[in-house]
Amino acid sequence: MGYKWDFYMIFAGYEWWWLKGLGITVAYASATVGGGLLIGVVCGMGLLANRWWLSGPIHVYVETFRCTPVLVQIVWFYFALPILLNAVVPGGGLELPAWLAAGIGLTLYMGCFATEIFRGGIISIDKGQWQAARAIGMTYAEMMWHIVLPQAVRRMVPPFVNQSVIQFKNTALLYVVAVPDLMYTGYLVVADTYRPLEVYSAVAIAYFVILYPLTQWGKRLEARSDR
Amino acid sequence: MTVDNPRTPGAGAAAGTDHPMLAVRDLCKSYGDVEAVRGVSFDVRAGEVVVIIGPSGCGKSTTLRCLNLLEEPNRGTLRLDDRELDFSNRRTLPAGRDLARFRARFGMVFQQFDLFAHKTAIENVMIGQVVVKKIRPERAQAAARDLLRRVGLEGMDDRRPRELSGGQQQRVAIARALAMSPEVLLFDEVTSALDPELVGEVLEVMQDLAREGATMVVVTHEMSFARDVADRVLFMDQGQLVEEGTAAEVMVNPRNPRTRTFLARYHRGAQEDPGQGGA
Ligand SMILES: Nc1ncnc2c1ncn2[C@@H]1O[C@H](COP(=O)(O)OP(=O)(O)OP(=O)(O)O)[C@@H](O)[C@H]1O
Ligand SMILES: [Mg+2]
């Protein structure tokens, strides 16, 4: 092979860049997964309450985010939302930092899938369990907490892990709005070193090393919840 | 063995009089266009065993589920001991926690057992005491262990539902209902999902409860149970109470033609003949 690989060149002097990029990717992934989970629980509960004025808006939210590309969402929140906010808020005093706008987009994207996962887990629990809980005098909250959720959570974990893996990969899209995550760092290092083969290979390997164990863990959980 | 039930029989306004423990008047329940229950009225006295029989889809389950408000009736009244509910007047009805606690005055056992799948046998019997009645876990556990022994499941405390046979699961379900010290026990075809050889062990437990003075409303296709244990038999058809009387009256000499048609099927097919054995 005529190409001479040189990984030293892309790391030496750039250690700090890489570390920061990795940190930002992990932070975005964790924060948006965590935020999405929270949205999922709240919106999932809202859907289960069977009140049209609750479930109507939640459905609109879920379908909007499910049926538009996440790249479009990130770009919209980064470029379009600030303009909209300035137009709506008189005086235009409301500044939305770039990193936050992009993060909100990713969080809402995760949230719409988490909502479906949460609702799906709950309604997968046999109706007999619900009526038995009510028959011994439990309130709705007691039934949810002691009977339905403990069983449902076990079923929610595998799809949630899968969605989190997807979410982790989606953070790479942040590079289009110049958030210095792992992917964008790679872009910067390439501009500096002209070594795209090493850089983008290293970036891919970094994602793989983090996510492969996560997917394997997800598979194990899935096998366990079948039992 | 005693029924550790403070209200039946003995205490409470219903005891020692003809004043029924449970009084149902003109109960109606529809699902959309389907009128499942159409004006059912009956009484249950303390310590009495009332068996409801009738063809599939005639509204037996719906009637039971209306009693403990798993379904909200559209019309009619229900009085349990001191508490009267008028379903035409929603403002008199309990809601939220109040409704949940009213429901706990009934114990219900279901066809499919419906044990809490993530809990062991003893946890199934404890959870209502701990969560609903706020009994200390140690005390609840002792009571649960006693109840499991009472239904013949000593030493099975730590089994999961899937590690128990259908008959054993159903007996745990009965113990779970008893743990709440209910005033009235409701049984909805509790032996219908069981293999034939397991039916007896569950019926035996129910028979013991009846003997100990528990107040019971039992929906069943087990004609021998109706014949041997029921104080009164109600025959339902198409959402209405068609006939009511002692087991002998309803099952041996039914006056209503619909009852006769229904029972004829059992006379023909069954190994045992309720028409002769029950008299
Ligand atoms: N949740 C429901 N929604 C709609 N219709 C229902 C519902 N539950 C019961 N029904 C209808 O109400 C009628 C009475 O049903 P119910 O279950 O009370 O009959 P049943 O006497 O218990 O029958 P079975 O012996 O088969 O258990 C039936 O026509 C049934 O289809
Ligand atoms: Mg039924």
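Cut-offs applied
- Residues numbered from 1 in each chain as written.
- Chains lettered and ligands numbered in written order.
- Predicted model: local features only at pLDDT ≥ 70, side-chain atom pairs only at ≥ 80, totals over all residues.
- Heavy atoms only, no water.
- Near = heavy atom within 4 Å.
- Polar contact = N/O pair within 3.5 Å; in protein donor to acceptor, adjacent residues only side chain to side chain.
- Areas by Shrake-Rupley, 256 points an atom, 1.4 Å probe, with all protein chains shown as cover.
- Helix = DSSP H or I, 4+ residues; strand = E, 2+ residues; numbered from the N terminus.
- Nonpolar A, V, L, I, M, F, W, Y, C, P; charged D, E, K, R; others polar.
- Contact = heavy atoms within 4.5 Å.
- Buried area = accessible area lost by both parts, 1.4 Å probe.
- Salt bridge = Lys/Arg side-chain N within 4 Å of Asp/Glu carboxyl O.
- Buried < 20%, exposed > 50% of the residue type's maximum accessible area, 1.4 Å probe, protein only.
- pLDDT = per-residue confidence, 0-100.

**Student:** Any details on the site of ligand 1? Residues and values, ideally.
**Tutor:** All names here are of chain B. Taken together, 13 residues lie around ligand 1, and Ser56, Gly57, Lys60, Ser61 and Thr62 are the ones closest in. Backbone polar atom of Gly57 to an oxygen atom of ligand 1: 2.7 Å apart, as the coordinates give it. Contact between ligand 1 and Gly59: an oxygen atom at 3.0 Å from a main-chain N or O atom of the residue. Coverage of ligand 1 by the protein chains reaches 60% of its 630 Å² of free accessible surface. Elements supplying a minimum of two residues to the shell around ligand 1: strand S2 (34–44) and helix H1 (60–67). Among the elements that make up the shell around ligand 1, the one with the highest residue count is H1 (3 residues). For the shell around ligand 1, the class distribution of residues is 5 nonpolar, 6 polar and 2 charged.

**Student:** How would you sum up the interface of chain B and chain A? Please name residues and give values.
**Tutor:** Counting residues at the interface gives 24 residues for chain B, matched by 18 residues for chain A. Roughly 1800 Å² is buried in total at the junction of chain B and chain A, and carbon and sulfur atoms are behind 59% of that figure. Taken together, chain B and chain A are joined by 3 salt bridges. A salt bridge links B:Arg101 to A:Glu142; its shortest N-O distance comes to 2.9 Å. Between the two partners, chain B and chain A, sit 8 residue pairs in polar contact (both at pLDDT 80 or more). Every element with two or more residues in the side of chain B that touches chain A is listed here: helix H2 (96–103), strand S6 (106–109) and helix H3 (121–131) of chain B. It is H2(B) that provides the largest number of residues to the side of chain B that touches chain A, a total of 4 residues. In the side of chain B that touches chain A, the residues fall into 13 nonpolar, 3 polar and 8 charged.

**Student:** Lay out the pattern of salt bridges in plain terms, naming residues and giving numbers.
**Tutor:** Overall, the coordinates contain 25 salt bridges over all chains when judged by the stated rule. For B:Arg105, the salt bridge goes to B:Glu183, with nearest N and O atoms at 2.7 Å. Of this pair, B:Arg105 sits in the loop between H2 and S6 while B:Glu183 is found in the loop between helix H5 (166–178) and strand S7 (184–188), placing the two residues 78 residues apart along the sequence. Here B:Arg227 makes a salt bridge to B:Asp228, at a shortest N to O gap of 3.2 Å. By relative accessible area, B:Arg227 is classed as buried at 18%. One connected set of salt bridges, linked through shared partners, spans A:Glu142, B:Arg97, B:Arg101 and B:Lys134.

**Student:** Can you lay out the confidence of the model for chain B for me, pointing to particular residues and giving the numbers?
**Tutor:** Residue and element names in this part refer to chain B. This prediction gives chain B a mean pLDDT of 89; 89% of its residues lie at or above 70. Predicted confidence in chain B is weakest over helix H10 (residues 274–277), with a mean pLDDT of 42, and strongest over S6, with 98. Low pLDDT, under 50, characterises residues 271–279; the stretch is placed with 13 contacts to residues that sit more than four places away or in other chains. The complex model carries a pTM of 0.86, and its ipTM stands at 0.87.

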